[in-house]
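Working through the structure, step by step
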Amino acid sequence: MSRGVRNYLKEALVNIIAVHAEVFTISKDLVPRVMSRVVEAVSEELSRLMQCVSSFSKNGALQARLEICALRDTVAIYLTPESNSSFKQALEALPQLSSGTDKKLLEELLNKFKSSMHLQLTCFQASSSAMMKT
């Protein structure tokens, strides 16, 4: 049974936040472009890794889905068609959730993650000045 988003993903997000902070310090206008590229690279690697797994246990598939969705939802304002496609491919590499109970658990765990990491994730929230223009 999944206990929530694991530390490796939280650590990856903290590193992405550090990149955001560095770029923001240099030039606020560069943030959307740089962050979009970072998200593309991370999502491509995640997709590649998911496709390397030969089979998932039920819990493993739920855990992977939780972490992919947590990452995708967190960086949503920096998604591009390329990174969207990579996230989609990563999710398609997983077995579908078989029951409503699993879907409900996934949603609960995602919400728990978002509320527990709320402060750390504020740099990914769209504000009128930070909205990505593509």
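Just so you know, these numbers come straight off a predicted model, no measurement behind them.

Analysis parameters
- Residues numbered from 1 in each chain as written.
- Predicted model: local features only at pLDDT ≥ 70, side-chain atom pairs only at ≥ 80, totals over all residues.
- Heavy atoms only, no water.
- Salt bridge = Lys/Arg side-chain N within 4 Å of Asp/Glu carboxyl O.
- Helix = DSSP H or I, 4+ residues; strand = E, 2+ residues; numbered from the N terminus.
- Buried < 20%, exposed > 50% of the residue type's maximum accessible area, 1.4 Å probe, protein only.
- Axes fitted to C-alpha atoms, helices over the stretch in contact; angles between N-to-C directions.
- Parallel < 35°, antiparallel > 145°, perpendicular 65-115°, else oblique.
- Left-handed = near helix turned anticlockwise from the far one by under 90°.
- Contact = heavy atoms within 4.5 Å.
- UniProt positions renumbered as here; feature names shortened; annotations may be inferred.

Overall, the coordinates contain 8 salt bridges when judged by the stated rule. Among the salt bridges present, the one from Glu-67 reaches Arg-6, with a minimum N-O distance of 2.9 Å. Taken as a pair, Glu-67 in helix 3 (residues 58–74) and Arg-6 in the segment before helix 1 (7–26) lie far apart in primary sequence, 61 residues in all. The buried category is assigned to Glu-67, whose relative accessible area is 2%. The exposure class of Arg-6 is partly exposed, given its relative accessible area of 44%.

With that settled, consider the packing of helix 1 against helix 3. Closest axis-to-axis distance for the helix 1/helix 3 pair is 11 Å, and the angle between their directions is 20 degrees. It follows from the interaxial angle that helix 1 and helix 3 lie roughly parallel. Here helix 1 and helix 3 pass one another in a crossing that is right-handed. Here Tyr-8, Leu-9, Leu-13 and Ile-16 of helix 1 lie close against helix 3, whose contacting residues are Glu-67, Ala-70, Leu-71 and Thr-74.

To continue, consider the UniProt feature "domain: Exocyst complex component EXOC2/Sec5 N-terminal" (unreviewed entry) in the chain. Within this numbering scheme, the UniProt entry marks residues 4–124 as carrying the feature "domain: Exocyst complex component EXOC2/Sec5 N-terminal" (unreviewed entry). Split by type, residues 4–124 is 73% helix and 0% strand. Its first and last C-alpha atoms lie 20 Å apart.

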